[in-house]
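A look at the structure
In case you want the letters, here they are:
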Amino acid sequence: MARTIMLIPTSSNVGLTGVSLGVIRSMERQGVKISLFKPVAQPALGGDRPDQTTTLIQSNTSIPSNKPLKMSHVEKLIGLNQQDVLMEEIIALFAENNKQSEVVLVEGIVPTNNYPFASELNYNIAKTLGAEIIFVMSMGSDTPEQLKERVEIARSNFGGVKNEKITGVIINKVNAPIDAQTLARPDVSDIYHTPKFDGKTITIEDLRQHSPLPVLGCIPWNIDLTACRAIDMANHLSAKIINEGGIKQRRIKHVSFCSRSVPNIISHLRPNALLVTSADRADIITTISLAVMNGTEIGGVLLTGGYELDANVAKLCKPAFETGLPVFSVDTNTFQTSINLQRFNLEIPVDDKERLDNTQNFVADHIDSEWIKALKNESTSGIARMSPPAFRYQLTEFARKAGKTIVLPEGDEPRTIKAAVICAERGIAKCVLLGNPDEIKRVAATQGVTLGAGIEIMDPEAIRENYVPRLVELRKNKGMTEILAREQLADNVVLGTMMLERDEVDGLVSGAVHTTANTIRPPLQLIKTAPGSSLVSSVFFMLMPEQVYIYGDCAINPDPNAQELAEIAIQSADTAIAFGIEPKVAMISYSTGNSGQGADVEKVKEATRIAKEKRPDLLIDGPLQYDAAVMPDVAKSKAPNSQVAGQATVFIFPDLNTGNTTYKAVQRSADLVSIGPMLQGMRKPVNDLSRGALVDDIVYTIALTAIQATQQ
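Since this is a predicted model, take the numbers as computed values, not measurements.

1. Section: the domain arrangement of the chain
Structurally, the chain comprises domain 1 (3-224 + 363-377), domain 2 (228-343), domain 3 (403-528 + 691-704) and domain 4 (534-681). Interface area for domain 2 against domain 3, summed over the two sides, is near 360 Å², with a carbon-plus-sulfur share of 37%. Contact with domain 3 buries area across many residues of domain 2, yet Pro 271, Gly 295 and Glu 297 alone supply 73% of it, more than any other trio. At the boundary of domain 2 and domain 3, one finds 0 salt bridges. Linking domain 2 to domain 3 there are 3 residue pairs in polar contact (both at pLDDT 80 or more).

Following this line, the structure appears as structure tokens:
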């Protein structure tokens, strides 16, 4: 029987959806098989619209969840004094939707003026489901001592100290700026103009010292989690798009109304700002464009008043627009526009996966991991799973423990700088940025990030000469001279590779700007393969909805022979072990077992034989068709005696054509995240990025590289 836990908000504005999402993510990280149960839909805008938490989970995850009862139906039953009927409907809905879970997370109803019955209803639901109760509260303006009183009052409303089902409290929005009503600022205008918190910082130790209940989460206020996309603002205002640019990607963290003179708006020209000005203020529009051309990534420009943008001004600003600056306009004046902006809904849009993921990860980072582990240990089924959130979390944890230094040759590239800052803040790795220090600092400033501890900037001009003698020594048999060495070391990838060769860093990540060949060639020439490896191959970590698969080789070897294919299989299995994935290796072909013939099938058969002979400790089988490798029902008919068929976790493709096509088809068709390619078989870890890599892609690749460095 599943363990049932109910999150019950004690008041409005506690951030219940964010807390629920974070608790779900923290359970996923520990491999807990979870489902979400929302008894009653409660959309922020009222009515019978879809429920926010349920919609986000159903649209972006494979976690089981139900269709909640409509609030109008619940109100009707309560009005008719038919609470018993309502509870029967809820228990039936619960039983129908939560049959295979270890833990069912129930999200309660938020008490508001429209729903004064929420607390009583929550209590009845918790008793009906036999759920453990965890209160969700926000700090407001309370001190820890005052919060203790609020916790006591909440507990008394749910049976008091005699109710053993009350097991803890999660405190959200800790150290948030507070408005006149003692609420963490809820509207967009206030949020984006909030000064920094100046009060005494409250810690989880302070809360635990005073709380009469175990504090299972202490979640700090984080304004970045409210950063919406420019397109969300434009849609809210029904704005006309003047220049689309990066409107679907750029984030808005500040809203500034630029109605002053030019000297007085300069301080407002910040990264991620939405700058609001009248469309006839050519001086301000051109000033904004100048800031953009100097590298400041403005979030967007909103033109008010309904005026057409002057053609000459548009022509003058065209270079700024071409950098991706979103520009949109509304017919309302600036005053009315400011009122409309304050009505902006800060809920996470269903299609904003980046913000959803960031929110889940941030909240999960501040949920008590020991509590989650206890849930896992006390669940009845104990199913071992490697879900994508668990894998990503494990990556960062392993990397933190590794404590490695990674060199980034593309040190002045904006995404790379952002990734380095994230890695430093999370303790994933120490990053060395190669590049002109002034340029790196300038780019960092325009991106709105701070280069602090954990990041080292190295000027290639100052250190390049140190590596000339060693490069000449390494490549003397290839005719290397000091002149040629200096020319090659002008390439930062070569320079970074030499730093790796001399053990000054532990790994190298490149490719956000450079080609794969440009990234891999220097290490192959200077670092070479690891002992026992005759080739370098690659794998992608494919983050399927419920588990992580490994695909190899999809990036390096065009047409490996049987011996090479066997080595790729062994390398990939060892990679799986290193990253906590049980390796069940499927050698993929268009034929399963002895059902087909041909040179390609025979190659896979021979590779399977060689791999098994070299590593009898590994589960390896082939040839297997892909469906036989992943689908238990197909495996029963096509390979009934296989220990791999139907449950494979590592997939070895017969050639690059098959592997690369399959990984991209699966990734794009299923809209999956894939991490890689990660190179295998190198003496020291070097990894290549896609030139379209996102910041998170770079972060996880740095983490992969740091972990690899512990295994060399």
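From this point, the narrative continues.
2. Brief notes about the UniProt feature "domain: Phosphate acetyl/butaryl transferase" (unreviewed entry) in the chain
UniProt annotation of "domain: Phosphate acetyl/butaryl transferase" (unreviewed entry) refers to residues 391-706 when read in the numbering used here. What you have in residues 391-706 is 47% helix and 17% strand, and the ends, taken at the C-alpha atoms, are 15 Å apart.

3. Comments concerning the sheet that holds strand S8 (residues 240-243)
Strand pairs in the sheet, formed through backbone hydrogen bonds, run parallel or antiparallel to each other. Spatial ordering of the open sheet is given by S8-S13-S12-S11-S10, a layout of 5 strands whose pairing is mixed. A strand with exactly one partner marks an edge of an open sheet, and here the two such strands are S8 and strand S10 (254-257). Ignoring which end each strand starts from, the neighbouring axes of this sheet average 25° apart. Summarising the sheet, S10 and strand S11 (residues 273-278) pair through 4 bridges and their orientation is parallel. Bridge assignment links Val 255 to a residue of S11, and that residue is Leu 274. Here helix H9 (residues 230-237) sits on the sheet in contact with S8, S10, S11, strand S12 (300-304) and strand S13 (327-329), set at roughly 10° to S13.

4. Some remarks on the sheet that holds strand S20 (residues 584-588)
One open sheet accounts for 6 strands, arranged S21-S20-S22-S19-S18-S23; its pairing is mixed. Looking at the sheet topology across the chains shown, the edges are occupied by strand S21 (619-624) and strand S23 (673-680). The average angle at which neighbouring strand axes cross in this sheet is 20°, direction not considered. Where strand S18 (residues 537-543) and strand S19 (residues 548-552) come together, 5 bridges link them in antiparallel fashion. Bridged to Phe 540 within S19 is Tyr 551. Packing against the sheet, helix H25 (residues 599-614) makes contact with S20 and S21, and its axis sits at approximately 170° to S21. Relative to the sheet, helix H28 (residues 656-670) contacts S18, S19 and S23, its axis offset from that of S18 by approximately 20°.

5. A short note on the packing of helix H3 (residues 71-79) against helix H4 (residues 83-97)
The angle between the axes and the distance between the axes are what describe a pair of packed helices. For the pair H3 and H4, interaxial distance at closest approach is 7 Å and the crossing angle is 145°. Of H4, the residues touching H3 (which contributes His 73, Val 74, Leu 77 and Ile 78) are Gln 83, Val 85, Leu 86 and Glu 89. The class makeup of the residues in the contact of H3 with H4 is 5 nonpolar, 2 polar and 1 charged.

6. Notes on the nonpolar core
Nonpolar side chains in soluble globular proteins generally cluster together in the buried interior. Ranked by size, the top nonpolar core spans 60 residues in total, and within it Phe 391, Phe 541, Met 587 and Ile 702 carry the most contacts. Looking at this core element by element, the count peaks at 9 residues for helix H29 (residues 695-709). In terms of domain composition, this core takes at least three residues from each of domain 3 (403-528 + 691-704) and domain 4 (534-681). Counting residues in hydrophobic clusters, the runner-up holds 42 residues, among them Tyr 115, Val 151, Phe 158 and Val 174.

7. Overview of the pattern of salt bridges
Tallying each qualifying case throughout the model produces 37 salt bridges. Between Asp 283 and Arg 281 there is a salt bridge, and its shortest N-O distance comes to 3.1 Å. With a relative accessible area of 32%, Asp 283 lands in the partly exposed category. A salt bridge links Arg 609 to Glu 606; its shortest N-O distance comes to 2.6 Å. Of this pair, Arg 609 and Glu 606 both sit in helix H25, separated by 3 residues, roughly a single helical turn. On the accessibility criterion, Arg 609 (41% relative accessible area) is partly exposed. The class of Glu 606 is partly exposed, set by a relative accessible area of 31%. Each of Arg 229, Asp 232, Arg 251, Asp 351, Asp 352 and Glu 354 takes part in salt bridges that share partners, so that together they form one network.

8. A closer look at the pairing of strand S1 (residues 3-9)
Most of S1 is tucked away, with 6 of its 7 residues classed as buried. Looking at chain direction, S1 and strand S3 (residues 103-107) are connected through 5 bridges and run parallel. Of the residues in S3, the one forming a bridge with Thr 4 is Val 104. Bridge count for S1 against strand S4 (residues 132-138) is 5 bridges, and the pairing is parallel. Bridging across to S4, Leu 7 finds its partner in Ile 134.

Criteria and cut-off values
- Residues numbered from 1 in each chain as written.
- Predicted model: local features only at pLDDT ≥ 70, side-chain atom pairs only at ≥ 80, totals over all residues.
- Heavy atoms only, no water.
- Domains from an automatic or database assignment.
- Buried area = accessible area lost by both parts, 1.4 Å probe.
- Salt bridge = Lys/Arg side-chain N within 4 Å of Asp/Glu carboxyl O.
- Polar contact = N/O pair within 3.5 Å; in protein donor to acceptor, adjacent residues only side chain to side chain.
- UniProt positions renumbered as here; feature names shortened; annotations may be inferred.
- Helix = DSSP H or I, 4+ residues; strand = E, 2+ residues; numbered from the N terminus.
- Pairing = 2+ DSSP bridges.
- Axes fitted to C-alpha atoms, helices over the stretch in contact; angles between N-to-C directions.
- Contact = heavy atoms within 4.5 Å.
- Nonpolar A, V, L, I, M, F, W, Y, C, P; charged D, E, K, R; others polar.
- Core = buried A, V, L, I, M, F, W, Y, C linked by side-chain atoms within 4.5 Å.
- Buried < 20%, exposed > 50% of the residue type's maximum accessible area, 1.4 Å probe, protein only.

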